[in-house]
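Fold and contact review
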Amino acid sequence: MYHIEFDIAAVFLSLFIAYYIIFKKGIRKTANRVFLGMITLNFLAEIADIFGSIVNNNPQYTARFIQDFWNYLYLSTHNTLAYALVVYVFYLIGYEKSKRKSLIVSAAPLFTELALLFTNPFHKLIFYYDEKSTYLHGKLFFIIYAVALAYMVFAIYLAVRHRKGISGTITKALLFFIMVTFIPVIVQIIFPYYLLTLFFETIGLMGLLFTIESKEETINPTTGALNRYALNSALDRAMANSGNVLLLIKIPNLNYYNKMIGFDNMNGILKRISKWMDESYKPNTSYDCGRGHFAVLCEGIDEAEIALMREKTMSRFERPWGKGEFSLVFPVQFGVIHIPEDVKTLDDVFMLIDTPFDGKVSVELDVKNAVYKYERGVLIERLIDKALKNRSFQVYFQPIWNSESGRFTSAEALCRLIDSEYGFIPPDEFIPVAERNGSILDIGQFVFEEVCRTYQEEQLASLGIEYVEVNLSVVQCLSKNLMKTFDETLKKYHLSAEKINLEITESATTENMSVLYDTIDVLKNSKFSFSLDDYGTGYSNISYMYEMPFSIIKIDKSILWKAKNPKTGEVEKNGHIYLENTIRMLKDMGYSVLLEGVETVEQKMLLEELGCDYFQGYYFSKPLPKQVFTDFLKVVNT
Ligand code: C2E
Ligand code: CA
Ligand code: CA
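Since the model is a prediction, treat every value here as computed from it, not as a measurement.

Looking only at helices and strands, the chain features 25 helices and 16 strands. Relative to the globule expectation of 26 Å for 638 residues, the C-alpha radius of gyration of the chain, 37 Å, shows a markedly less compact shape. Overall size of the chain, expressed as C-alpha extent along the three principal axes, is 120 × 60 × 40 Å. Taken across its 638 residues, the chain has 50% of its residues classed as buried. As displayed, the chain offers around 31000 Å² of accessible surface, 59% of which is attributable to carbon and sulfur atoms. Each charge class in the chain can be summarised by its mean position, and for the 64 positive and 73 negative side chains these summaries are 5 Å apart.

With that settled, consider the coordination of the calcium ion (ligand 2). Those donors, Glu412 (OE), Asn471 (OD1), Glu503 (OE) and Asp533 (OD), are the protein atoms that reach the calcium ion (ligand 2), and they lie 2.0 to 2.3 Å from it. Sequence spacing of the donors to the calcium ion (ligand 2): E-x58-N-x31-E-x29-D. Separating the calcium ion (ligand 2) from the calcium ion (ligand 3) is a gap of 4.0 Å, which Asp533 spans by donating to each of them. A residue pair is termed long-range when its members are at least 10 positions apart, and Glu503 in strand β11 (residues 500-505) and Asp533 in strand β12 (residues 529-535) qualify at 30 residues. You can call Glu503 buried: its relative accessible area is 1%.

All right, on to the side chain of Asn42 then. If you trace the backbone, Asn42 turns up in helix α2 (residues 30-57). Among the polar contacts listed, one links the side chain of Asn42 to the side chain of Ser14, at a separation of 3.4 Å. Dropping the residues within four chain positions of it, Asn42 is found in contact with Ser14, Leu81, Leu198, Glu201, Thr202 and Leu205.

Okay, the site of ligand 1 next. If you check the shell around ligand 1, you find 23 residues, and the closest are Arg416, Asp533, Lys557, Glu599 and Tyr618. For ligand 1, a nitrogen atom lies 3.0 Å from a polar atom in the side chain of Gln398. Side-chain polar atom of Glu412 to an oxygen atom of ligand 1: 3.2 Å apart, as the coordinates give it. Surface burial for ligand 1 is 87%, taken as the share of its 800 Å² of free accessible area covered by protein chains. Among the secondary structure elements, those contributing two or more residues to the shell around ligand 1 are β8 (407-419), α16 (427-437), α17 (440-457), β12 and α22 (557-563). Per-element tally for the shell around ligand 1: the top contributor is β8, with four residues. Split by residue class, the shell around ligand 1 holds 10 nonpolar, five polar and eight charged.

What follows concerns the coordination of the calcium ion (ligand 3). Summarising the metal site, the calcium ion (ligand 3) is bound by the protein donors Asp533 (OD), Asp534 (OD), Glu596 (OE) and Glu596 (OE), whose distances to it range over 2.2 to 2.6 Å. Spacing between the donor residues of the calcium ion (ligand 3) along the chain follows D-D-x61-E. The class for Asp533 is buried, based on a relative accessible area of 4%.

Below, the discussion takes up the pairing of strand β6 (residues 333-339). Counting buried positions along β6 yields six of seven residues, so the element is predominantly enclosed. As defined by bridge partners, strand β3 (residues 244-250) adjoins β6 across seven bridges and the pair is classed as antiparallel. Pairing of Leu248 across the sheet is with Gly335, part of β6.

So, about the environment of Ala150. Here Ala150 shows up in helix α7 (residues 142-161). Judged by relative accessible area, which is 43%, Ala150 ranks as partly exposed. C-alpha of Ala150 to C-alpha of Phe122: the two residues are 28 residues apart in sequence and 26 Å apart in space.

Taken domain by domain, the chain consists of domain 1 (5-215), domain 2 (219-365) and domain 3 (376-552 + 621-636). A separation of 69 Å is found between the C-alpha centroids of domain 1 and domain 3.

Looking now at helix α14 (residues 346-354). Burial analysis of α14 places eight of its nine residues in the buried class, the great majority of the element. When we look at burial in α14, the residues that qualify are Leu346, Asp348, Val349, Phe350, Met351, Leu352, Ile353 and Asp354.

This part is about the sheet that holds β3. Read across the open sheet, the four strands follow the order β4-β5-β3-β6; overall the sheet is antiparallel. Edge positions in the open sheet fall to β4 (286-288) and β6, since each of these has one partner strand only. Adjacent strand axes in the sheet meet at a mean angle of 20°, parallel and antiparallel pairs treated alike. Across the sheet, helix α12 (residues 263-280) touches β3, β4 and β5 (293-299), and the angle it forms with β5 is around 10°. Packing of α14 onto the sheet brings it into contact with β3, β5 and β6, and relative to β3 it is tilted by some 25°.

Glancing now at α17. Between its first and last C-alpha atoms α17 spans 25 Å; for 18 residues at 1.5 Å apiece the expected length is 26 Å, and the two agree. Three or more residues of α17 are buried, namely Ile440, Ile443, Gly444, Phe446, Val447, Phe448, Glu449, Glu450, Val451, Cys452, Thr454 and Tyr455. One or two steps after α17, the chain reaches Gln459, where phi turns positive at roughly 50°.

The step from Ile339 to Pro340 runs through a cis peptide bond, and the omega angle for that step is 5°. Unlike most non-glycine residues, Arg291 shows phi in positive territory, near 55°. Mapping Arg291 onto the fold places it in the loop between β4 and β5. In this model, Arg391 sits at a positive phi of 50°, which is unusual for a non-glycine residue. For Arg391, the position within the fold is in the loop between α15 (367-389) and β7 (394-402).

For the rest of this paragraph, the subject is the pattern of salt bridges. One pass over the structure, following the stated rule, counts 16 salt bridges. Linking Glu596 and Lys554 is a salt bridge whose minimum nitrogen-to-oxygen distance equals 3.8 Å. Of this pair, Glu596 sits in the loop between β14 (592-595) and α24 (601-610) while Lys554 sits in strand β13 (residues 550-555); the two residues are 42 residues apart in sequence, bridging distant segments of the chain. Residue Lys554 is classed as buried on the basis of its relative accessible area, which comes to 0%. Linking Glu608 and Lys604 is a salt bridge whose minimum nitrogen-to-oxygen distance equals 3.6 Å. Of this pair, Glu608 and Lys604 both sit in helix α24, separated by four residues, roughly a single helical turn.

Cut-offs applied
- Residues numbered from 1 in each chain as written.
- Chains lettered and ligands numbered in written order.
- Predicted model: local features only at pLDDT ≥ 70, side-chain atom pairs only at ≥ 80, totals over all residues.
- Heavy atoms only, no water.
- Helix = DSSP H or I, 4+ residues; strand = E, 2+ residues; numbered from the N terminus.
- Rg over C-alpha atoms; globule rule 2.2 N^0.38 Å.
- Buried < 20%, exposed > 50% of the residue type's maximum accessible area, 1.4 Å probe, protein only.
- Areas by Shrake-Rupley, 256 points an atom, 1.4 Å probe, with all protein chains shown as cover.
- Lys, Arg positive; Asp, Glu negative; His and termini not counted.
- Charge placed at Lys NZ, Arg CZ, Asp CG, Glu CD.
- Donors = N, O, S within 2.8 Å, 3.2 Å for Na, K, Ca; no water.
- Polar contact = N/O pair within 3.5 Å; in protein donor to acceptor, adjacent residues only side chain to side chain.
- Contact = heavy atoms within 4.5 Å.
- Near = heavy atom within 4 Å.
- Nonpolar A, V, L, I, M, F, W, Y, C, P; charged D, E, K, R; others polar.
- Pairing = 2+ DSSP bridges.
- Domains from an automatic or database assignment.
- Axes fitted to C-alpha atoms, helices over the stretch in contact; angles between N-to-C directions.
- Expected span 1.5 Å × (residues − 1).
- Salt bridge = Lys/Arg side-chain N within 4 Å of Asp/Glu carboxyl O.

Laid out in C-alpha cells, this is it:
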C-alpha cells in the first residue's frame, strides 16, 4: 500500500509557493522562470504520485490506460525536475551563451532516460504490471534513481565550483535543497511505499524561495524598477567575472525637488525615468537604488558602447521629465565603474552608488579617486581602532609665545597617530574620520587625560605653562558624558579646569548651535576657558562669537600668510590691511589675539607691531613630544 499523506501535504505547500511567486511579484528574470518551471514540475509530479498511488493501490477499479497515464506522468515530470535543478544552478551562476552547449550536453541523460521510459511498453525494463495489475519496478528502474542522483551531484559540483560567482547564501540554500531532497530518496529506496521524496523536495523549494528567490526579485515599490537587493546579487556575480561595467546615473539633491514639487509628483517623475531606462538599456539591467540614484549593469561592453550610453543618457537628461507644470529638467551626474577592476569589494560599489558626488551640475565621477578615498578612510578607521586599543596615540605640545611676558606661557596639545606599519597619519586626515564614526570621543578623552597627566607629572606650572590648549570637536560637545569624564579626569590628577583652555573651531559654530551653547555653558561654569580656533576660514558668524565666552581668538595661518608670505617675505597690500584691521577689531572687542603659523622672524616682527598677544608657529617651535617639550621649556623659560 502506498502512503499518500505526505504527497497531499506537499500539494498544499506547492500551491502556497505558486501563489507567493505569481501574486506577490512579477516574474522578470530567466532564473525565476526556471524556478517557476521547477515548481510546476514538482506540482505535476505530486498530483501524478497521488493519483498514481491510488490507482496502483486499487488497479482492479481502473482502466489500464489511466493507470499508465499517472505512472508515466509521475516518472517523466519527477525526473525532468532533477535536470531543471541543474538548469536553475546554471542561471544562478550567470548563464552566458557560451554555457549553452554544456546545458544541452547535460540534458543527454534526461533524454536517454525519457526515451527509455516512453518505449517502456515494448521492453518493460522500467516498470511493468503483474497479472493482478500491480505496479512493479523493471530491471532498469535503477537508471531513474541513478540519473536523478547524477544531476544532484552535478548541481552541487556547479554550485561549489562557481561559489565565488554567487553569494554564500545562494550556495548554502542550494546545498540545503539538495540535502533535504537527497536523504528521503535513500529512505524511499529502502521503504518504497512511503512517498516522502516530493514532500521534502517541496520543503527544499521553499527554502530556495525564501533565500534566493525573494531576494532576487525585490522591486522598488515606487518606481517598479529592480532595487538595490536585486543589484546586490547581480553584482555578486559580476564581481566574479570580468568585463562588466556599472553605469551610475544620479540626480543630485533629490530632497530639494521633493520639497519643491512634492513627493507624489517627484515619484511620478522617477517612475518615468525608470521606465525610460528599462526601454533604453537592455531589459532588467537598470536598478533604482533610492534617493534618485540609478545604476545600469552592463555585462561585456566596450568603451565605445559606454560612450554611446553616456551620450544617450546625457542628451535625454537635457530634455524635461514629467508633464505640465511639473515638467522639469534635472542636472545629472554620470559615473562609470569597471567591475571588478575599479573596486575591491561590494561595499566600494555601494559607497559609490550612495555617496552624492561633489558638485551640483552635470559632472562625471572620478571613480578611482572616490574608491581610493573610501578605502583610505576604511584603513584609517582600522588604524584608529588599533591605536585606541593599544593606547598608542601620542600627544605633542606646541609652545605658545606670550608677547607681553616674553616667554612661553601656554601650549597647544596636538594628537599624533603614528602607526607601526603605515607611519605618520596627519591629524587633518584622521580627525575627520574619527568625527564621522564617533571615535573622536575616545581620542578626545585620551588627549585630555594625557594633557592632565603631563601637566601634573612634568610640573608644567613650575616651567611657566599657565594652561594648555586642547582641541574640542563639536562631536564631543554633543556628548552627554563630556563634563562628567572631564571632571573625573581633572580630579584624578588634582587639577583645576583653569589649567585647560578648550579650542573650538569656527566652522563648528555654524551647526547645532543650541546644544553647543548648552555644553559650553556647563563647561564655562566649571571654569574652563575657551579659544575660537581657525578664525577667518569658515563663514565668520560674528553674532555667534559674541554669545560664546571666548577669551582668545586664534587667527588662521592663511590670513597671516596672505599678509606676509613666509617663503618669499612678500607683503600683499590688501592682505596686510585685512590682518591689521582684524587684529585691531578683535582687540577692540576685548579679545586676546593669537596668530598661528608664525614661521619667520619677519612675520613675528610684523605681528609685534600690530599688537598681537600670542604667537604660535614653527619659528618658535614645532609641536614636540612631551619629553622634548619639557626639556625645551627648561632651556627657554628659566
Ligand atoms: P589646528 O587646531 O589649527 O592646529 C594647528 C595646526 O597647525 C597643527 O597641525 C600644527 O602642527 C600646525 N602648525 C603650527 N605651527 C605651524 C607653522 O608655523 N606652519 C605650519 N605650516 N603649520 C603649523 P596638526 O598638528 O597637523 O593638526 C591639524 C589639525 O588637526 C588641528 O588644526 C586640529 O584641528 C586637528 N587636531 C589635532 N589634534 C587634535 C585633537 O587632539 N583633537 C581634535 N579635535 N582635533 C585635533
Ligand atoms: Ca587648534
Ligand atoms: Ca587652528
